[in-house]
Amino acid sequence: MVKYREIEPSDDARVAEIARYNLKKFHLDLPGTVYFDPELDHLSAFYSEKPDKRRYFVALDKDGQVIGGAGFAEFEGLDDCAELQKLYLVDSVKGKGYGKDLVQLVEEGAKAAGYKSLYLETHTNFSVALQLYEKMGFQQIEKLCVTQHSTMNRFYLKKL
């Protein structure tokens, strides 16, 4: 049984490891991706800096080990918009619905924080994730001029 909770400092290294593993596996260990984000190794500090506007959730396996996570933070490119960030899972649990659960937690958290929409940047290399986002009601949009991750090539928006 998987449990979900907010990130803690002791989770930082594992979450960064999972994110970098996935990016490398899909040939996205490149500048302009999360792989090189300065806050990736200290996500708990980044999200706790503005707890009313940012949250990050981790998924834990039956032994309490972190197996993935996802979060949201303010997105400056659109009014009342949060960005879905850093949704990654370990390979052994992919396809079991945990990604969907994490996206739902992010949506609920963003809505509770007062956001009206949710934006995300991803890449065509993450074909399974693209299917999940589209299935969950995200609409593909054109690239906005304000993007932190220049290597990403797919952009989505969802009204909350």
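Keep in mind that this is a model prediction, so the values were computed, not measured.

### Examining the overall build of the chain
Then, in step 1: Check the secondary structure of the chain and you find four helices and seven strands.
Then, in step 2: When the elements of the chain are put in sequence order from the N terminus, they spell out β-α-α-β-β-β-α-β-α-β-β.
Then, in step 3: A compact globule built from 160 residues would reach a C-alpha radius of gyration of about 15 Å, and the chain, at 14 Å, matches this within 12%.
Then, in step 4: Relative to its full complement of 160 residues, the chain shows a buried share of 49%.
Then, in step 5: A fraction of 64% describes how many contacts in the chain between residues 6 or more apart in sequence connect residues 24 or more apart.
Then, in step 6: When the accessible surface of the chain is totalled, it reaches about 8300 Å², and 51% of it is carbon and sulfur.
Then, in step 7: In the chain, 22 side chains carry a positive charge and 25 a negative one; their mean positions are 5 Å apart.

### A few points about the nonpolar core
Then, in step 1: Among the nonpolar cores identified, the biggest contains 46 residues, and Phe72, Leu118 and Phe138 are the most heavily contacted of them.
Then, in step 2: Broken down by secondary-structure element, the contributors of at least two residues to this core are α1 (12-25), α2 (43-48), β2 (55-60), β3 (66-74), β4 (81-89), α3 (98-112), β5 (117-122) and α4 (127-135).
Then, in step 3: If you look at the next biggest cluster of nonpolar residues, it comprises five residues, including Phe75, Tyr119, Phe155 and Leu157.

### Points about the side chain of arginine 154
Then, in step 1: Assignment of secondary structure puts arginine 154 in strand β7 (residues 154-159).
Then, in step 2: Polar side-chain contacts of arginine 154 include one of 3.0 Å to the side chain of glutamine 140.
Then, in step 3: A polar atom in the side chain of arginine 154 sits 3.5 Å from the side chain of tyrosine 156.
Then, in step 4: Filtering out sequence-adjacent residues up to four positions away, arginine 154 remains in contact with Leu120, Glu121, Thr122, His123, Thr124, Leu130, Glu134 and Gln140.

### Digging into the sheet that holds β5
Then, in step 1: Strand order in this open sheet of seven strands is β1-β2-β3-β4-β5-β7-β6, and the pairing throughout is mixed. Each of the sheet's edge strands pairs with one partner strand only, and the pair in question is β1 (3-6) and β6 (139-141). Here the strands of the sheet are splayed against their neighbours by 30° on average, with no regard to which way each runs.
Then, in step 2: When β6 meets β7, the two strands line up antiparallel, connected through three bridges. Bridged to glutamine 139 within β7 is leucine 157.
Then, in step 3: Against the sheet, α3 engages β1, β2, β3, β4, β5 and β7, with an angle of about 155° to β4.

### Points about unusual backbone geometry
Then, in step 1: The phi angle at histidine 27 is positive, at roughly 60°, despite the residue not being glycine.
Then, in step 2: Note that histidine 27 resides in the loop between α1 and α2.
Then, in step 3: Positive phi, close to 50°, is recorded for lysine 86, a residue that is not glycine.

### Details of the packing of aromatic side chains
Then, in step 1: Counted according to the given criterion, the structure contains nine aromatic pairs.
Then, in step 2: An aromatic cluster is present here, built from Phe26, Tyr88 and Phe126 joined pairwise through their rings.
Then, in step 3: The side chain of arginine 20 reaches across the aromatic face of tyrosine 35, ending 5.7 Å from its centre.

### Some details on the pattern of salt bridges
Then, in step 1: Within the structure shown, the criterion is met by 15 salt bridges.
Then, in step 2: Between glutamate 39 and lysine 86 there is a salt bridge; the shortest N-O distance is 3.7 Å. With a gap of 47 residues between them, glutamate 39 in the loop between α1 and α2 and lysine 86 in strand β4 connect regions that are remote in the sequence.
Then, in step 3: For the salt bridge of aspartate 91 with lysine 94, the shortest nitrogen-to-oxygen distance reads 3.0 Å.
Then, in step 4: What makes aspartate 91 partly exposed here is its relative accessible area of 30%.
Then, in step 5: Judged by its relative accessible area of 32%, lysine 94 falls in the partly exposed class.
Then, in step 6: When salt bridges that share partners are traced, they join Glu49, Lys50, Arg54 and Glu74 into one network.

Scoring rules and cut-offs
- Residues numbered from 1 in each chain as written.
- Predicted model: local features only at pLDDT ≥ 70, side-chain atom pairs only at ≥ 80, totals over all residues.
- Heavy atoms only, no water.
- Helix = DSSP H or I, 4+ residues; strand = E, 2+ residues; numbered from the N terminus.
- Rg over C-alpha atoms; globule rule 2.2 N^0.38 Å.
- Buried < 20%, exposed > 50% of the residue type's maximum accessible area, 1.4 Å probe, protein only.
- Contact = heavy atoms within 4.5 Å.
- Areas by Shrake-Rupley, 256 points an atom, 1.4 Å probe, with all protein chains shown as cover.
- Lys, Arg positive; Asp, Glu negative; His and termini not counted.
- Charge placed at Lys NZ, Arg CZ, Asp CG, Glu CD.
- Core = buried A, V, L, I, M, F, W, Y, C linked by side-chain atoms within 4.5 Å.
- Polar contact = N/O pair within 3.5 Å; in protein donor to acceptor, adjacent residues only side chain to side chain.
- Pairing = 2+ DSSP bridges.
- Axes fitted to C-alpha atoms, helices over the stretch in contact; angles between N-to-C directions.
- Phe/Tyr/Trp six-rings, centres within 6.5 Å; stacked < 30°, edge-to-face > 60°.
- Lys NZ or Arg CZ within 6 Å of the ring centre and 35° of its normal.
- Salt bridge = Lys/Arg side-chain N within 4 Å of Asp/Glu carboxyl O.

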